[in-house]
Amino acid sequence: MKPLVAISMSRDNQFEGYAREFLRTTYIEAVAQAGAIPVLLPNMAISLELLRQCDGLILSGGGDVDPKTFGAVDDGTDWSGVAVERDQAELAFIREAERLGMPVFGICRGVQMLAVAYGGTLIQDIPRRRPDTTLRHSQGVSREEATHDVTVSANSRLAEIVGNPHFFVNSFHHQAIDRVPDGWHVVAEAPDAIIEAIEYPGERLVFGVQWHPEDLVEAQVEARRLFQAFVDACCGFRSQKGLAAAQ
């Protein structure tokens, strides 16, 4: 059987008076194209039961992380899409994935949540914190268009996966990682030194990128390699579970 990949969902608490949960289809398509079965995780406690049946976790992009989640106060940012329910649910997903030894892949907001979950902090708004930068981290063109380059650290797991030290990515964020959690490595940066990827060293594949590779898989080999490497790790985790159950 193909591996099951859980994908966290966005939450909107302002939709015509009631909450809704949703996910862009490009995540689902990218996971399926890499050979796995996508499983959507609502931001609810019961989703932990669903996660335990899966072989990997993708933390998807979406709205801003509430500064209270990383022990900060609001510095005047124009917040978009904050949902405390999502912050708390994803923290629980990350803790459970670690307990299980499951591969984890964070995308955009997802890499920020990985940093926060392990003790890091975020830049609440790049234009306010870095008014000197001319790089547009929230591009005004199609999601399928790569607009700025990233430099990948040599000898990193990410470099091994993508096979290219420099390539272009898309960009749809105004927050970014500020303080990196202890033990984690910065493995890609934008030309203005904004952190674009982090990973945790070790056998388990746990990493995140600040861009949106799910929107680039049709045109970019590096994006396809990210999803394929993650699904391959999920296959390995599934095999380990099978061996453990048979003993």
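In case you missed it, the structure is sitting above this.
The model shown is predicted, which means the values in this text are computed figures rather than measured ones. Numbering of residues starts from 1 in each chain and follows the order in which that chain's sequence is written. Local features in this predicted model are restricted to residues whose pLDDT is 70 or higher, and side-chain atom pairs enter the listing and the counts only when it is 80 or higher, whereas totals over whole chains, interfaces and linings include all residues. Excluded from the side-chain calculations are hydrogens and water; all other atoms, namely the structure's heavy atoms, are used.

1. Examining the overall build of the protein
Along the backbone of the protein there are seven helices and 13 strands. Expected size for 247 residues packed as a compact globule is a radius of gyration near 18 Å; at 17 Å, the protein falls within 12% of this value. Projecting the C-alpha coordinates of the protein onto the three principal axes gives extents of approximately 60 × 45 × 35 Å. Exposed residues in this analysis have more than 50% of their type's maximum accessible area, buried residues have under 20%, and partly exposed residues fall in between, with area computed by a 1.4 Å probe over protein chains only. Considering the protein as a whole, with its 247 residues, one finds that 51% of them fall into the buried category. Contacts in the protein between residues far apart in sequence, at least 24 positions, make up 71% of those at least 6 positions apart. Strands here are runs of E lasting at least two residues and helices are runs of H or I lasting at least four, both read from the DSSP assignment and numbered beginning at the N terminus. Atoms counted for the radius of gyration: C-alpha only. Globule rule: 2.2 Å times residue count to the power 0.38. Contacts are assigned to residue pairs with any non-hydrogen atoms lying within 4.5 Å of each other.

2. Focus on the packing of helix H3 (residues 84-100) against helix H4 (residues 109-117)
The convention used is that axes are lines fitted to C-alpha atoms, helices contributing only their stretch in contact, and that angles between N-to-C directions extend from 0 to 180 degrees. One can describe the packing of H3 onto H4 by two numbers: an axis separation of 10 Å at closest approach and a directional angle of 70 degrees. Taken together, the axis directions place H3 and H4 in an arrangement best described as roughly perpendicular. The handedness of the crossing between H3 and H4 comes out as right-handed. Contact residues: H3 offers Arg86, Asp87, Glu90, Leu91 and Ile94, while H4 offers Arg109, Met113, Leu114 and Ala117. Broken down by class, the residue content of the contact of H3 with H4 amounts to five nonpolar, no polar and four charged. With respect to orientation, any angle under 35 degrees is reported as roughly parallel, any angle over 145 as roughly antiparallel, any angle of 65 to 115 as roughly perpendicular, and every other angle as oblique. Crossing handedness is read from the near helix: turned anticlockwise from the far helix by less than a right angle, it gives a left-handed crossing, and turned clockwise, a right-handed one. The residue classification treats Ala, Val, Leu, Ile, Met, Phe, Trp, Tyr, Cys and Pro as nonpolar and Asp, Glu, Lys and Arg as charged. All others, Gly included, are polar.

3. Remarks on the pairing of strand S6 (residues 104-107)
The alternating pattern of S6 places Val104 and Gly106 and Phe105 and Ile107 on opposite faces, both of which are buried. Where strand S5 (residues 56-59) meets S6, three bridges bridge the pair, whose relative direction is parallel. In the strand pairing of S6, isoleucine 58 is matched with phenylalanine 105. Call a crossover right-handed when, viewed with both strands pointing away from you, the route from the first strand across the helix to the second goes clockwise. Running through H3, the crossover from S5 to the neighbouring parallel element S6 is right-handed. As judged from the four bridges shared by S6 and strand S13 (residues 206-209), these two strands associate in the parallel manner. Within S13, the position partnered with valine 104 by the bridge is valine 206. By the convention used here, strands pair only if DSSP detects at least 2 bridges between them.

4. Digging into the packing of aromatic side chains
Paired rings are identified among Phe, Tyr and Trp, the last through its six-membered ring, by centres lying within 6.5 Å, and are further divided according to the angle between planes into stacked (under 30 degrees), edge-to-face (over 60) and tilted (the rest). Inspection of the entire model under this criterion finds six aromatic pairs. Judged by centre distance (4.4 Å) and plane angle (10 degrees), the rings of phenylalanine 105 and phenylalanine 207 are stacked. On the criterion of sequence distance, the pair formed by phenylalanine 105 in strand S6 and phenylalanine 207 in strand S13 is long-range, its members being 102 residues apart. Note on phenylalanine 105: relative accessible area 0%, which makes it buried. The exposure class of phenylalanine 207 is buried, given its relative accessible area of 2%. Judged by centre distance (5.5 Å) and plane angle (65 degrees), the ring pair of phenylalanine 105 and phenylalanine 227 falls under edge-to-face. Residue phenylalanine 105 is found in strand S6, and its partner phenylalanine 227 is found in helix H7 (residues 221-246); the two are separated by 122 residues along the sequence.

5. With respect to the nonpolar core
Definition used in this section: a nonpolar core is a set of buried Ala, Val, Leu, Ile, Met, Phe, Trp, Tyr and Cys residues joined via side-chain atoms within 4.5 Å. Ranked by size, the top nonpolar core spans 36 residues in total, and within it Ile58, Phe105, Trp211 and Phe227 carry the most contacts. The dominant element in this core, judged by the number of residues it contributes, is H7, at seven residues. Grouped together as the second largest cluster of nonpolar side chains are 31 residues, Leu41, Phe70, Met102 and Met113 included.

6. A closer look at the environment of aspartate 149
Position of aspartate 149 among the secondary structure elements: in strand S8 (residues 148-152). The class for aspartate 149 is partly exposed, based on a relative accessible area of 25%. Between the C-alpha atom of aspartate 149 and that of valine 169, which follows or precedes it by 20 residues, the distance is 6.0 Å. When sequence neighbours within four positions are dropped, the list of residues in contact with aspartate 149 reads Phe167, Phe168, Glu189, Ala190 and Pro191.

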